[in-house]
Amino acid sequence: IPDKNLPWEREGVFNPGVARVGDEVVMLYRAVGEKEAYISRLGLAKSKDGILFERASTEPVFWPKESFDKWATEDPRITQIGEDFYVTYVAVASRIMQDGLPFPSSEPLETATALLKTRDFISFENLGIISPENSDNKDIVLFPKKIGGRYCMLHRPNFWDKSWHEIIKSKGKTLVWPYDVETLPEHPGIWIAWSDNLKDWKEHRLLLHASHHTDVKIGPGLPPIETKDGWLVIYHHVVTTENKDSFIYTIHAALFDLDNPTKMIGKLAYAILAPEMPYEREQLSPIVFPTGGYVLGDTLFIYYGASDRYIGLATGSLSELLDELKKSII
């Protein structure tokens, strides 16, 4: 929960990235200290059992510094590749809020995702923006190893759907996008892409799309987890409610082939976690938003943001989840 004595996090701590490092669990968490401009920074916490965490610093370990993230550094996701830890984070170059209200602008707010490299979670090498231009990309997760000799990522470009494409056309704009517009989904979905250097990403392909009329979008949650049966992808799913500007965020699961992650093995038609507890339903939109996790033995740990204010943990049997996914109908 937020520490009221720390001005930079007193309004909310949520959407954490986690990693197992030796005999402890390291957590980078998003922190908001004030609602006037809604600037996010990253804090650091550690745990011996993955359940009880203690802050490892009373100051942020990462914060807005660059032109592309000067208004916020949000939602870290951590992937270990070799001896290095890579952290994707949402970089916001434009002001989000003013006096607690959305900042007035003639154009929609476009965010990007940047990549950090670290070994100690205190010093970071910023590798810059890795999301495609004109995508408004907030959810990038990296696979923990190369597949077929190349790096692989999942991402959720908000602007890569049919409604946004029509808006661009109506304004008489011409943009060069790395996809076939005929294959655009109705709503923002999960895409897969490949890279030789973790910087330049290509061969973007739609992997999962939102399929129900009440859906708003879906997007990556945890970095993909390698299992004996395939890549386990835990993702968030957003639907509309009866109230205007109110949405419900739930957590879903799918399974993909280890050698060819574009090939789906199974997908559950129901949520594995939904906002039910009071601390998950504090805001207008009930939210459980997965951003970090790992497997220990047969236990799957999923860390998530609750109500854009708290950090929650859900656990369950990995083998039971995989059995259900393998039985699901594609």
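Preceding this paragraph is the structure being described.
Residues numbered from 1 in each chain as written. Predicted model: local features only at pLDDT ≥ 70, side-chain atom pairs only at ≥ 80, totals over all residues. Heavy atoms only, no water.

Enquirer: Would you take a moment to explain the sheet that holds strand E12 (residues 151-155) for this structure?
Expert: Hydrogen bonds between backbone groups are what pair the strands of a sheet, and the pairing can be parallel or antiparallel. Reading across the sheet, the four strands line up as E11-E12-E13-E14 and stay open at both edges, with antiparallel pairing between neighbours. Of all strands in the sheet, those bounded by a partner on one side alone are strand E11 (141-142) and strand E14 (201-208). Taken together, the two bridges between E11 and E12 define a ladder with antiparallel strand orientation. Of the residues in E12, the one forming a bridge with Val141 is Leu154. (Pairing = 2+ DSSP bridges. Helix = DSSP H or I, 4+ residues; strand = E, 2+ residues; numbered from the N terminus.)

Enquirer: Looking at this structure, I do not really get the environment of Phe159. What am I missing?
Expert: Relative to the helices and strands, Phe159 resides in the loop between E12 and helix H1 (162-170). Separated by 17 residues in the primary sequence, Phe159 and Val176 place their C-alpha atoms 13 Å from one another.

Enquirer: What is the right way to look at helix H2 (residues 318-327) in this model?
Expert: Helical geometry: 3.6 residues make up each α-helical turn, so side chains three or four residues apart lie on a common side. The complete set of buried residues in H2 reads Leu318, Leu321, Leu322 and Leu325. For H2, the angular spread of the buried residues around the axis is 95°, confining them to a single face. What points out from H2, more than 90 degrees from its buried face, is the exposed set Glu320 and Lys327. (Buried < 20%, exposed > 50% of the residue type's maximum accessible area, 1.4 Å probe, protein only. Arc of directions from axis to C-beta.)

Enquirer: Which parts of the structure should I look at to understand the pairing of strand E18 (residues 247-256)?
Expert: Burial within E18 is extensive, with eight of its ten residues counted as buried. Examined bridge by bridge, strand E17 (residues 230-240) and E18 share ten bridges and lie antiparallel to one another. Among the inter-strand pairings, Trp231 is bridged to a residue of E18, identified as Phe256. Pairing of E18 with strand E19 (residues 264-267), which is carried by three bridges, proceeds in the antiparallel orientation. Bridge pairing in E19 places Ala254 opposite Lys267.

Enquirer: What is the right way to read the packing of aromatic side chains from this model?
Expert: Aromatic ring pairs are reported here in terms of the distance separating the ring centres and the angle at which the planes meet. Tallied over the full model, the rule gives eleven aromatic pairs. A centroid spacing of 6.0 Å and a plane angle of 35° characterise the contact between Tyr294 and Tyr303, whose relative ring orientation is tilted. For the pair shown, Tyr294 and Tyr303 are each scored as buried. A network of ring pairs unites the aromatic residues Phe53, Tyr294, Phe301 and Tyr303 as a single cluster. Above the ring of Trp63, the side-chain terminus of Lys65 is found at 4.2 Å from the ring centroid. (Phe/Tyr/Trp six-rings, centres within 6.5 Å; stacked < 30°, edge-to-face > 60°. Lys NZ or Arg CZ within 6 Å of the ring centre and 35° of its normal.)

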